[in-house]
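Listed below, chain by chain, are the residues.
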Amino acid sequence: MALTSFSSAATEVENEIALQMYTLRNVGSAKDQFEMAHKAGFKNIEIVGTHDLSAGKMKALLTSNDLHITSAHVQLSALENQYQQTVDFNKAVGNNTLIVPWIKPEDRPDNQQGWIKYAQRLNALGARLRKDGMQLGYHNHNFEMKKYDGVTALEIIMDHSSKDNLKLEMDAAWVSRGGQDPVRFLKQYSGRIYAIHAKDNAGIGVRDDEMNFAPLGEGLLDWNSILPAAKASGVKWFIIEHDAPKDPWQIITTSHNNLRADLTKLAR
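All values reported here derive from a predicted model rather than from experimental measurement.

The rules we used
Residues numbered from 1 in each chain as written. Predicted model: local features only at pLDDT ≥ 70, side-chain atom pairs only at ≥ 80, totals over all residues. Heavy atoms only, no water. 1 Å grid on protein atoms, 1.4 Å probe; cavity = no way out; pocket = protein on both sides within 12 Å on 5 of 7 lines; lining within 4 Å. Points joined across faces, edges and corners; volume = space filled by probe spheres on them. Nonpolar A, V, L, I, M, F, W, Y, C, P; charged D, E, K, R; others polar. Helix = DSSP H or I, 4+ residues; strand = E, 2+ residues; numbered from the N terminus. Buried < 20%, exposed > 50% of the residue type's maximum accessible area, 1.4 Å probe, protein only. Contact = heavy atoms within 4.5 Å. Polar contact = N/O pair within 3.5 Å; in protein donor to acceptor, adjacent residues only side chain to side chain. Phe/Tyr/Trp six-rings, centres within 6.5 Å; stacked < 30°, edge-to-face > 60°. Lys NZ or Arg CZ within 6 Å of the ring centre and 35° of its normal.

Q: A description of the layout of surface pockets should follow, citing residues and the corresponding values.
A: The space that makes up the largest pocket amounts to roughly 260 Å³. Contributing to the lining of the largest pocket are 14 residues, with Tyr22, His73, Pro101, Trp102 and His141 lying nearest its centre. Here the residues of the lining of the largest pocket are counted per class, giving six nonpolar, four polar and four charged.

What follows is the structure, encoded as structure tokens:
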């Protein structure tokens with residue numbers, strides 16, 4: 001491959017990679033966290049709420065660190081109860097994609113009809129957001145891999161909502177932990193999976209003090225199958241994340257290097 005072509009592929013790849021800032025939540029102040037993301041070579045980040053910043057202060061940090069927001073994790077309660085405030089903040093910082101990241105255990109449906117109602121709730125919110133120029137997405141964990149009458153909760157959510165009103169941000173590690181195959185979902189919902197949370201699972205007894213998560217490419221997941229399937233499915237963003245990193249710098253740089261190398265190979 002010519003050097004210019006390789007350089008072009010590498011640049012293209014960087015425009016597909018982002019960092020979920022939850023990974024850096026224990027790294028000093030918001031300023032420290034944004035600076036670390038920049039120092040690690042990231043051009044794009046996924047934020048969590050407002051990071052206790054005004055829109056003006058966040059825009060200043062984004063500008064000084066040459067960072068762009070791909071999306072924001074926002075709790076469903078905030079979206080429903082502080083709708084206009086949430087929309088206004090995200091528009092002000094240049095973001096138009098909001099991701100529901102989590103359902104508290106006490107709020108999770110426990111039967112198929114409950115999941116259908118939850119899907120309809122998300123669909124209605126997504127329709128409202130679309131009218132305001134925003135896109136709603138949903139981020140899974142392992143509990144959505146539980147089956148109800150033979151169908152996973154995640155499939156119930158996707159099948160009872162519109163592809164225009166709700167996208168999926170698929171966490172491949174949590175899918176696998178729930179006993180399901182990430183590649184199957186990528187094929188099943190081709191064109192509807194907005195992003196992948198790119199992190200890996202460690203084996204039992206490995207990284208027990210980090211919730212058994214590993215940097216991408218150093219764990220159990222088959223990225224040689226997942227990444228091509230993601231590209232074929234139309235995934236826009238590959239978002240590096242780790243739920244409990246002991247050494248955030250080591251985790252994000254290792255994951256970034258491995259993901260960049262793998263995606264560059266695919267782009268050649």
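Next comes the rest of the write-up.
Q: Any chance you could break down the environment of Gly126 for me, citing the residues and the numbers?
A: Looking at where Gly126 falls in the secondary structure, it is placed in helix α6 (residues 112-131). Overall, Gly126 belongs to the buried group, its relative accessible area being 0%. Sequence separation between Gly126 and Ser161 is 35 residues, and the spatial gap between their C-alpha atoms is 9.1 Å. In contact with Gly126, not counting residues within four places along its chain, are Leu136 and Asn165.

Q: Can you lay out unusual backbone geometry for me, pointing to particular residues and giving the numbers?
A: Of note in the backbone geometry, Arg207 takes a positive phi value of approximately 55 degrees without being a glycine. Along the chain, Arg207 falls in the loop between β10 (200-201) and β11 (213-214). The phi torsion at Met211 lies on the positive side, around 60 degrees, for a residue other than glycine. Within the element layout of this structure, Met211 appears in the loop between β10 and β11. The exposure class of Met211 is partly exposed, given its relative accessible area of 36%.

Q: If you had to explain the side chain of Thr86 to someone new, which residues and values would you point to?
A: Positionally, Thr86 belongs in helix α5 (residues 83-92). Exposure remark for Thr86: the relative accessible area of 10% places this residue in the buried category. In this structure the side chain of Thr86 is engaged in a polar contact, spanning 2.8 Å, whose partner is the backbone oxygen of Gln82. Ignoring any residue separated from it by four or fewer positions in sequence, one finds Thr86 in contact with Val74, Ala78, Leu79 and Leu98.

Q: Can you lay out the packing of aromatic side chains for me, pointing to particular residues and giving the numbers?
A: Summed over all chains, the structure comprises five aromatic pairs. Judged by centre distance (5.3 Å) and plane angle (75 degrees), the ring pair of Trp174 and Phe213 falls under edge-to-face. Taken as a pair, Trp174 in helix α8 (residues 172-177) and Phe213 in strand β11 lie far apart in primary sequence, 39 residues in all. The two residues Trp174 and Phe213 agree in class, both being buried. Ring-pair connections join several aromatic residues into one group, and the members of that group are Trp115, Tyr118, Tyr138 and Tyr148. The aromatic ring of Tyr22 is capped on one face by Arg25, whose charged end is 3.8 Å from the ring centroid.

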